[in-house]
Amino acid sequence: MSKILLESFRTAYANMELSPLITPKEVENFRVEYGTEVLEQLEQLVEDDPSGRGKIIFSGHRGCGKSTLLAEFCRQMNDRYFTVFFSISDLIEMSDVNHINILFAIAVQLMDAAEKLEIPIKQSIKESFYNWFATKTKTKIDELGASGSVGFNLFKMITGKLKADATIREEIKQEFIRKVSDLVATINEIAAVVREGAKKDVIVVIDDLDKLDLGVVRQVYQEHIKALFLPNFRMILTTPISALRDVSLAATVETETNDQIVFMPVTKLFKRGESRNADAVAMAEPAARLKEILAKRLGSELIEPETLDRVVAYSGGVLRELIRIANECCRICLRLVRRNPEAAIKINAEVFEEAINKLRIDFDTRLGTTDYEMLMATYRDFKPADPKAQGFLDLLHGLYVLEYRNGVLWYDIHPIVLELLKQRDDFPLEEFL
């Protein structure tokens, strides 16, 4: 029994790590239909773009399902467009992201995708591009092996260098900082060749830009957005929802995208204020969707039904938090199975409370008095005293505060963070219930 149970929790634990869902097998096994309206918004902006070079910003809370939805969007569009979907975090150290290496990464990914899909490109043109990349990254082509695989090997090597070598990233930045137009010209040449070979227009989708620190976001999307948007093909880029609460930054993004901003909403489990009632019950349809996600990854036999309801409620409707809570529960159960091999271990109320306590402490370690004051004001009024304050933007960015949309915009406290507020004597919540 213990060996079977151990393997069941191991499998569930591994399944929790699958985010976003990219491969056909992952999609087949774990995808749950959601975000249909958001997909339609993205498709409309792409299909009805008269210029063929529109730039779309895709925003939402970290962990709300943007990456999986973008991957699904690219799959749906593949028959009509040459789609290139990549995560910036797979290519560049996140603390070192700037507009130059984002553009360089676009060039690398375009060529790599063309190689993998065997897009017909004249050998002489390929070689000129290979030599350009090799020169800019100080890569010796003659060390990469047979000419038949040189392109793939080259881009694999460049990808590794961009991720691991800060010196290469700095050299590329210095090479193009004063001549971005040269870099963009090469990107446009590659896109034109790919477009001709594939007989499809190009769409580049860049994920995980929403995970950048807000200071880096400002540099990329405010100070250098014009350069970033120079490529003459369609692009979709993610950005954190907190960045679009900054008046100046939001105005810049709206102007440069022609107001082509699509929001991925958090799943709303309760109407405004209802979650504060002791007998509150989550709305059936959104709760069922989140339960289905866990059922595919966890299996109903490993969790008690009442505990499943609590995992859903404590997620606040954020997919990442749903998975994070379940993941922590699996860790605890794996330890319990090893400690007591004969016991019939399940994710029950006791396991859930231990997991929530651990996550509650994780939240608490980053909060100060001013943060708690802003959280209390947001709880009381469903909005902060100053929605543009940097402290509030940081709380929004870190999922301490969650944004909901249903006709009007309103905010609430992450359910786990709310437990922290309830523990504080200087913030008597009963006054606001």
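Residues numbered from 1 in each chain as written. Predicted model: local features only at pLDDT ≥ 70, side-chain atom pairs only at ≥ 80, totals over all residues. Heavy atoms only, no water.

Draft legend 1. Highlighting unusual backbone geometry. The backbone of N258 sits at a positive phi, close to 60 degrees, despite the residue not being glycine. Residue placement: N258 occurs in the loop between helix 12 (247-257) and strand 5 (261-264). In this structure, L399 is a non-glycine residue whose phi angle is positive, near 70 degrees. Mapped onto the elements, L399 comes out in the loop between helix 18 (390-397) and strand 6 (401-406). Judged by its relative accessible area of 1%, L399 is buried. (Helix = DSSP H or I, 4+ residues; strand = E, 2+ residues; numbered from the N terminus. Buried < 20%, exposed > 50% of the residue type's maximum accessible area, 1.4 Å probe, protein only.)

Draft legend 2. Highlighting the packing of aromatic side chains. Throughout the structure, instances matching the rule amount to eleven aromatic pairs. Relative to F155, the ring of F133 lies with its centre 5.2 Å away and its plane at 90 degrees, an arrangement referred to as edge-to-face. With F133 in helix 6 (residues 123-136) and F155 in helix 7 (residues 150-164), this residue pair connects regions lying 22 residues apart in the sequence. With a centroid separation of 5.2 Å and 85 degrees between ring planes, the pair formed by Y314 and F352 is classed as edge-to-face. On the criterion of sequence distance, the pair formed by Y314 in helix 14 (residues 305-314) and F352 in helix 16 (residues 349-364) is long-range, its members being 38 residues apart. Summarising the burial analysis for this pair, Y314 and F352 share the class buried. Through a chain of ring-to-ring contacts, three or more aromatic side chains come together here, namely F104, Y130, W132, F133, F155 and F176. The ring of Y379 carries R276 above its face, with NZ or CZ at 3.6 Å from the centroid. Looking at R405, its charged tip hangs above the ring of F263, at a distance of 4.0 Å from the centre. (Phe/Tyr/Trp six-rings, centres within 6.5 Å; stacked < 30°, edge-to-face > 60°. Lys NZ or Arg CZ within 6 Å of the ring centre and 35° of its normal.)

Draft legend 3. Looking closely at the packing of helix 13 (residues 284-297) against helix 15 (residues 319-339). The geometry of helix 13 relative to helix 15 is characterised by a closest axis approach of 11 Å and an angle of 45 degrees between their N-to-C directions. Accordingly, the angle class assigned to the pair helix 13 and helix 15 is oblique. Classified by chirality, the crossing of helix 15 by helix 13 is right-handed. Facing L290, I293, L294 and R297 of helix 13, the residues of helix 15 in contact are L319, L322, I323 and A326. For the contact of helix 13 with helix 15, the per-class residue count stands at seven nonpolar, no polar and one charged. (Axes fitted to C-alpha atoms, helices over the stretch in contact; angles between N-to-C directions. Parallel < 35°, antiparallel > 145°, perpendicular 65-115°, else oblique. Left-handed = near helix turned anticlockwise from the far one by under 90°. Contact = heavy atoms within 4.5 Å. Nonpolar A, V, L, I, M, F, W, Y, C, P; charged D, E, K, R; others polar.)

Draft legend 4. Broad picture of the side chain of T83. One can find T83 in strand 2 (residues 81-87). Residue T83 is classed as buried on the basis of its relative accessible area, which comes to 15%. A polar atom in the side chain of T83 sits 2.2 Å from the side chain of N78. Contacts of T83, omitting those with residues within four sequence positions, involve C74, M77, N78 and I203. (Polar contact = N/O pair within 3.5 Å; in protein donor to acceptor, adjacent residues only side chain to side chain.)

Draft legend 5. Local environment of the packing of helix 3 (residues 36-47) against helix 4 (residues 66-77). Put simply, helix 3 and helix 4 touch, their axes get as near as 10 Å, and they point 50 degrees apart. The pairing of helix 3 with helix 4 is recorded here as oblique in orientation. Here helix 3 and helix 4 pass one another in a crossing that is right-handed. Touching V38, L39, L42, E43, V46 and E47 of helix 3 are L69, L70, E72, F73, Q76 and M77, all from helix 4. In terms of residue class, the contact of helix 3 with helix 4 is made up of eight nonpolar, one polar and three charged.

Draft legend 6. Here's a closer look at the environment of I225. Considering the arrangement of structural elements, one finds I225 in helix 11 (residues 225-228). Sequence-wise, I225 and T257 are 32 residues apart; in three dimensions their C-alpha atoms are separated by 9.7 Å. If sequence neighbours within four positions are ignored, I225 has contacts with V220, T252, V253 and E256.

Draft legend 7. Quick peek at the pairing of strand 3 (residues 201-207). Taken across its seven residues, strand 3 has six buried, putting it largely inside the fold. Here strand 2 pairs with strand 3 via seven bridges, running parallel. By the bridge assignment for strand 3, F85 is matched with V205. Relative to strand 4 (residues 234-240), strand 3 runs parallel, the two being bridged by four bridges. Bridged to V204 within strand 4 is M235. (Pairing = 2+ DSSP bridges.)

Draft legend 8. The arrangement of the nonpolar core in detail. If you look at the biggest cluster of nonpolar residues, it comprises 77 residues, and the most contacted ones within it are F9, L42, F58, I236, I325, I347 and L375. Element by element, the count of residues in this core is highest for helix 15, at eleven residues. Apart from the residues lying within four places of it in its own chain, the contact partners of I236 are L42, V46, I56, F58, L70, F73, V204, V205 and I206. One finds L110, L162, I225 and I261 within the second-largest nonpolar core, a separate group that totals 67 residues. (Core = buried A, V, L, I, M, F, W, Y, C linked by side-chain atoms within 4.5 Å.)

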